[in-house]
Protein chains: 2
Amino acid sequence: MGLIVQKFGGTSVGSAERIQNAAKRVADEIEKGNQVAVVVSAMGKSTDALVSLAQSISSMPNKREMDMLLATGEQVTISLMAMALQEMGIKAVSLTGWQAGIRTEAVPGNARITNIQNEKMMNYLDEDKVVIVAGFQGLDEHDEITTLGRGGSDTTAVALAAALKADRCDIYTDVPGVFTSDPRYVNDARKLHSISYDEMLELANLGAGVLHPRAVEFAKNYGVPLEVRSSMENIEGTIIEEEASMEQNLIVRGVAFEEDIIRVTLTGLSNELHHLSQIFMTLAAEHVNVDIIIQSRTESQQASVSFSIKKDVLQDTIRILEENRVLLGFEDVEYETGLAKVSIVGSGMVSNPGVAARMFKALADNEIQIKMVSTSEIKVSTVISQERMIDAANILHNEFGLSGIEAPVEAK
Amino acid sequence: MGLIVQKFGGTSVGSAERIQNAAKRVADEIEKGNQVAVVVSAMGKSTDALVSLAQSISSMPNKREMDMLLATGEQVTISLMAMALQEMGIKAVSLTGWQAGIRTEAVPGNARITNIQNEKMMNYLDEDKVVIVAGFQGLDEHDEITTLGRGGSDTTAVALAAALKADRCDIYTDVPGVFTSDPRYVNDARKLHSISYDEMLELANLGAGVLHPRAVEFAKNYGVPLEVRSSMENIEGTIIEEEASMEQNLIVRGVAFEEDIIRVTLTGLSNELHHLSQIFMTLAAEHVNVDIIIQSRTESQQASVSFSIKKDVLQDTIRILEENRVLLGFEDVEYETGLAKVSIVGSGMVSNPGVAARMFKALADNEIQIKMVSTSEIKVSTVISQERMIDAANILHNEFGLSGIEAPVEAK
């Protein structure tokens, strides 16, 4: 007998019927004699509906109040999931984030889990009940409801698996596993049997969308084995673990891409080193995530710095920069929209020099201009025009031999 | 400077625009220099939508899980109301029932408030913040989310007014006050300037629908002055207080009516007195509200008892009776649907004998058959065929001179 954490995303619980379908996946594990803790997201597009309701009242709604609002989405799902299980004769109990003992930082809209007090959950599990926990939410030290930011339900699931010392954490989603690239746009994309935490981390960070990066990081740190599976059909998914045992011969394991990237450029930087750190410390203090950073300095002493951000933080970023213009010592702020990021990922890269060069050449041969570059030991990211994003992904998928190893799998 | 509690019902917060409109009523009190605590219901028909979602999963959903589900409705409204006030430059903070310190009995779906820990609210009020509290919900001693049952937001508002020692509790609704009868069905119905707690209690219990009876009882017990007002227009409403100072010359103050009444009859009762108490104790233990009770005994030792219930507890009532058939000592259970209750209320009745007789004659003259009767010092209720309910209300409204004292007011 083991303890399994199962997580069902928004699409997997998008209707009463889908919740009943997800409940069958829970029943499968119960039949095998396992204890099960379930983490769910808000139903389908319900979070988006709440966001647009808030925006009809305020163009910049208070973040604490947004957390209060959005936390209702998962609370709806946990109760319906409990009812669906009870209807199947399975004992179940729903818990909000705070009832489950999930404590977080006091950062509205983007809190990190600091601690999980697991006693209540363990007691219910000992009573042979399925525990159903609202993902994406917790309680800070002032007893305020917080949310973990988009994709936070994955993190809740992995953190719960760690806190409950679960044997496995299964992430149920609307695709059958992790692919070499997004099969909606790259025809030859195929499902991977397994992938390492580090590779998955890069893919998750790069917008592959299957799994939230924080969740992968958490799983790596606590050694929680993950499996990404389809909630629609009962087939093998992709296992994420320390050492991916198969397909090691491939230098590149996947091609990821992400649209709506914005490049912000600060010009006329006074040439003091501390201004550069000040800029990114100020943005970090306000919880703006900056991705690629490029600094350039000309002989005329007019330094500039560019960095990429996601579209949803543009408004905050510009406001913070303007408010701190004097402190940060720059003359002008400009930004360019209509950009996308395309990346290749693979742990084999570290022992195979020239992978980045091969990537740049493949893009250049197809007249795709590279605007920014960022590399790590296991990935190379490029920022290019959004119009060429899909082209670039297909070109790179083909260039690095990711197609045709097995029959392509169609995603739903 | 005073402290006012304002309560806005579901219709008054049924859309983003209506929430903004309600926020203006809050702003009015802030401008007068008052402190304000606001209690809100779920938006419009959102509770009904959640109920039907649950019913699509389970025909008899678990009550604890229903509370978990339904409590989200008010949580949505509090956050949106806070945003609307903040957008107007008014400091505001939203609180769920448990955050506001509202503790209840452990009775899912129908809990009573046992205690309100007001420190958190008082602290926020002292910081000149408008406190916005989710109505209809609280937390029991096991830290489970409970709901107070339909109409419970009124009770939350009055309980809050008592706990905060508020100067007044204003109940904002979609009608401009308390009427002599329902103006949708009784053409001559007019708005009352004031009414006593006891009269309002009878009217509320009788299905007048403007104000929940528990809330009126609470207000009477703690001496909280209430005013029922329109959230749509800024006009005088109806004041509810200990001694209604005006219109005392009227014997009957209002005519109330309620449809979907069911008469349950138990026949072949073994003639022991304790069986009769056992029946109603058993129903009460399962939180079934019984209204009118009529016992009849024939010479043949075959006693029977009839009582009226509301439609929504029929299923529970029949199940409880069948499960306890032996204990309760009856032979058969029958029930009659298609009934309605029509009542007259007025504190002048106690000193004016013959009011009931005059009511029965008016109904008889119009060939309306009375199936059950119940009287108190300030009301007479009759159960009749639902088909004649509106007729009966109009006949009685006219009989007791409630029409034409001032110009009739059109309800929205």
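Residues numbered from 1 in each chain as written. Chains lettered and ligands numbered in written order. Predicted model: local features only at pLDDT ≥ 70, side-chain atom pairs only at ≥ 80, totals over all residues. Heavy atoms only, no water.

### Let's talk about the overall build of chain A
In step 1: Helices and strands together make up the secondary structure of chain A, namely 12 helices and 18 strands.
In step 2: Taking 2.2 N^0.38 as the reference for a compact globule, 412 residues should give roughly 22 Å; the C-alpha atoms of chain A span a radius of gyration of 22 Å, in line with that estimate.
In step 3: Taken along the three principal axes of its C-alpha coordinates, chain A extends 75 × 50 × 35 Å.
In step 4: Counting all 412 residues of chain A, 57% fall into the buried class.
In step 5: Long-range contacts, defined as pairs at least 24 residues apart, comprise 75% of the intrachain contacts of chain A with a sequence gap of at least 6.
In step 6: Carbon together with sulfur atoms contributes 47% to the accessible area of chain A, which is approximately 17200 Å² in total.
In step 7: With 36 positive and 58 negative side-chain charges, chain A shows a separation of 2 Å between the mean positions of the two kinds. (Helix = DSSP H or I, 4+ residues; strand = E, 2+ residues; numbered from the N terminus. Rg over C-alpha atoms; globule rule 2.2 N^0.38 Å. Buried < 20%, exposed > 50% of the residue type's maximum accessible area, 1.4 Å probe, protein only. Contact = heavy atoms within 4.5 Å. Areas by Shrake-Rupley, 256 points an atom, 1.4 Å probe, with all protein chains shown as cover. Lys, Arg positive; Asp, Glu negative; His and termini not counted. Charge placed at Lys NZ, Arg CZ, Asp CG, Glu CD.)

### Topic: the packing of aromatic side chains
In step 1: One pass over the structure, following the stated rule, counts 9 aromatic pairs over all chains.
In step 2: Taking 4.2 Å as the distance between ring centres and 40° as the angle between the ring planes, the aromatic pair formed by Trp-98 of chain A and Trp-98 of chain B counts as tilted. Remark: Trp-98 of chain B occurs in the loop between strand S3 (92-95) and strand S4 (102-104) and Trp-98 of chain A occurs in the loop between strand S3 (92-95) and strand S4 (102-104); the pair is interchain, linking two chains.
In step 3: Note on Trp-98 of chain A: relative accessible area 15%, which makes it buried.
In step 4: Centre to centre, the rings of Phe-280 of chain A and Phe-307 of chain A are 5.3 Å apart; their planes meet at 80°, and the pair counts as edge-to-face. With Phe-280 of chain A in helix H8 (residues 273-285) and Phe-307 of chain A in strand S15 (residues 303-310), the pair connects residues that are 27 residues apart, well separated along the chain. (Phe/Tyr/Trp six-rings, centres within 6.5 Å; stacked < 30°, edge-to-face > 60°.)

### Here we look at the UniProt feature "binding site: ATP" (unreviewed entry) in chain A
All names here are of chain A.
In step 1: Using the residue numbers shown here, the UniProt feature "binding site: ATP" (unreviewed entry) corresponds to Lys-7, Phe-8, Gly-9, Gly-10, Thr-173, Asp-174 and Arg-184. Across 178 residues in sequence, these annotated residues place their C-alpha atoms as far as 23.3 Å from one another, rather than forming a single compact spot.
In step 2: Positionally, Gly-9 belongs in the loop between strand S1 (3-8) and helix H1 (16-31).
In step 3: On the basis of relative accessibility, which here comes to 9%, the residue Gly-9 falls in the buried class.
In step 4: If you trace the backbone, Arg-184 turns up in the loop between strand S9 (168-173) and strand S10 (194-196).
In step 5: A polar atom in the side chain of Arg-184 sits 2.8 Å from the side chain of Asp-182. (UniProt positions renumbered as here; feature names shortened; annotations may be inferred. Polar contact = N/O pair within 3.5 Å; in protein donor to acceptor, adjacent residues only side chain to side chain.)

### Overview of the packing of H1 of chain A against helix H3 (residues 63-87) of chain A
All names here are of chain A.
In step 1: Close contact between H1 and H3 brings their axes to 9 Å; oriented N to C, the two are set at 65°. The interaxial crossing formed by H1 with H3 has right-handed handedness. The segment H1 lies against H3, with Ile-19, Gln-20, Ala-22, Ala-23 and Val-26 engaging Thr-77, Leu-80, Met-81, Ala-84 and Leu-85.
In step 2: For the contact of H1 with H3, the per-class residue count stands at 8 nonpolar, 2 polar and no charged. (Axes fitted to C-alpha atoms, helices over the stretch in contact; angles between N-to-C directions. Left-handed = near helix turned anticlockwise from the far one by under 90°. Nonpolar A, V, L, I, M, F, W, Y, C, P; charged D, E, K, R; others polar.)

### Quick word on the domain arrangement of chain A
Residues and elements named next belong to chain A.
In step 1: Splitting chain A by domain gives domain 1 (3-174) and domain 2 (255-399).
In step 2: For domain 1 versus domain 2, the distance between C-alpha centres works out to 34 Å.
In step 3: Opposite the 4 residues of domain 1 that make contact, domain 2 presents 4 residues.
In step 4: Interface area, domain 1 with domain 2, both sides summed: about 350 Å², of which 50% is carbon and sulfur.
In step 5: Of all residues in domain 1, Met-60, Val-107 and Asn-110 give up the largest surface area on contact with domain 2, accounting jointly for 78% of the area buried on that side.
In step 6: In this structure, Asp-316 and Lys-63 form a salt bridge, with 3.5 Å as the shortest nitrogen-oxygen distance.
In step 7: For the interface between domain 1 and domain 2, the tally reads 0 residue pairs in polar contact (both at pLDDT 80 or more).
In step 8: Tallied by class, the residues present in the side of domain 1 that touches domain 2 amount to 2 nonpolar, 1 polar and 1 charged. (Domains from an automatic or database assignment. Buried area = accessible area lost by both parts, 1.4 Å probe. Salt bridge = Lys/Arg side-chain N within 4 Å of Asp/Glu carboxyl O.)

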